[in-house]
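Working through the structure, step by step
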Amino acid sequence: MILLHAAGLGSNLYAWGEQSVGEAKKPKAKRGSKPKTEPLRDHPQALSEKALIAAFADGSIAIPSDAGSAATIRAWLPTAGDLPLPSSPLIGDRPNREEPPQL
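Residues numbered from 1 in each chain as written. Predicted model: local features only at pLDDT ≥ 70, side-chain atom pairs only at ≥ 80, totals over all residues. Heavy atoms only, no water.

For the rest of this paragraph, the subject is the overall build of the protein. When helices and strands are tallied, the protein shows one helix and four strands. Traced from its N-terminal end to its C-terminal end, the protein shows the element sequence β-β-α-β-β. A total of 103 residues make up the protein; the buried ones form 18% of that total. Counted over contacts in the protein with a minimum sequence separation of 6, partners at least 24 positions apart contribute 50%. Carbon and sulfur atoms make up 55% of the accessible area of the protein, which amounts to about 8,800 Å² in all. (Helix = DSSP H or I, 4+ residues; strand = E, 2+ residues; numbered from the N terminus. Buried < 20%, exposed > 50% of the residue type's maximum accessible area, 1.4 Å probe, protein only. Contact = heavy atoms within 4.5 Å. Areas by Shrake-Rupley, 256 points an atom, 1.4 Å probe, with all protein chains shown as cover.)

Those residues of helix H1 (residues 49–58) not exposed but buried are Leu-52, Ala-55 and Phe-56. For H1, the buried positions fall inside an angular range of 100° around the axis, keeping them on one side. Exposed residues on H1 whose side chains face more than 90 degrees from its buried face are Lys-50, Ala-57 and Asp-58. Contacts from the buried residues of H1 go to strand E1 (2–9) and strand E2 (12–19). One or two residues past the end of H1 sits Ser-60, with phi positive at roughly 55°. (Arc of directions from axis to C-beta.)

A contiguous nonpolar patch, built from Ile-2, Leu-4 and Ile-61 and spanning about 220 Å² of accessible area, is present on the exposed surface. The exposure class of Ile-61 is partly exposed, given its relative accessible area of 40%. (Patch = residues over 30% accessible without salt bridge, like charges linked within 9 Å, V, L, I, M, F, W, Y side chains within 5 Å. Salt bridge = Lys/Arg side-chain N within 4 Å of Asp/Glu carboxyl O.)

What follows is about the pairing of E1. The sheet contact formed by E1 and E2 spans eight bridges and is antiparallel. Residue pairing in the sheet places Leu-3 in a bridge with Glu-18 of E2. In sequence, E1 turns back onto E2 through a hairpin of two residues, with Gly-10 there showing a positive phi of about 65°. (Pairing = 2+ DSSP bridges.)

This next bit is on the confidence of the model for the protein. When the pLDDT values of the protein are averaged, the result is 79; 75% of them are 70 or greater. Confidence, expressed as mean pLDDT per element, reaches its minimum in the protein at strand E4 (residues 83–84) with 81 and its maximum at H1 with 89. (pLDDT = per-residue confidence, 0-100.)

Written as structure tokens, this is what we have:
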């Protein structure tokens, strides 16, 4: 399942998609020592630009030709451990962790 999101920021409308937890590609583990600061990471369930455009087309949502180009927006999301929580129970269950969600 794909869940589409949209939000206005300034005069722009940004759209993104989140896929079911089981459908997401797992990130490759990196070897070596841990960095001093945690690097920014992509959301593991985020749709690629190509998949997002296809999801809009599947939903019969037309994207205007003057819509602009793809952009990367960074956001703090609720997490449990080091994983973002699914935005809806429709795409995944909350992880069974002892610590409460945090930003």
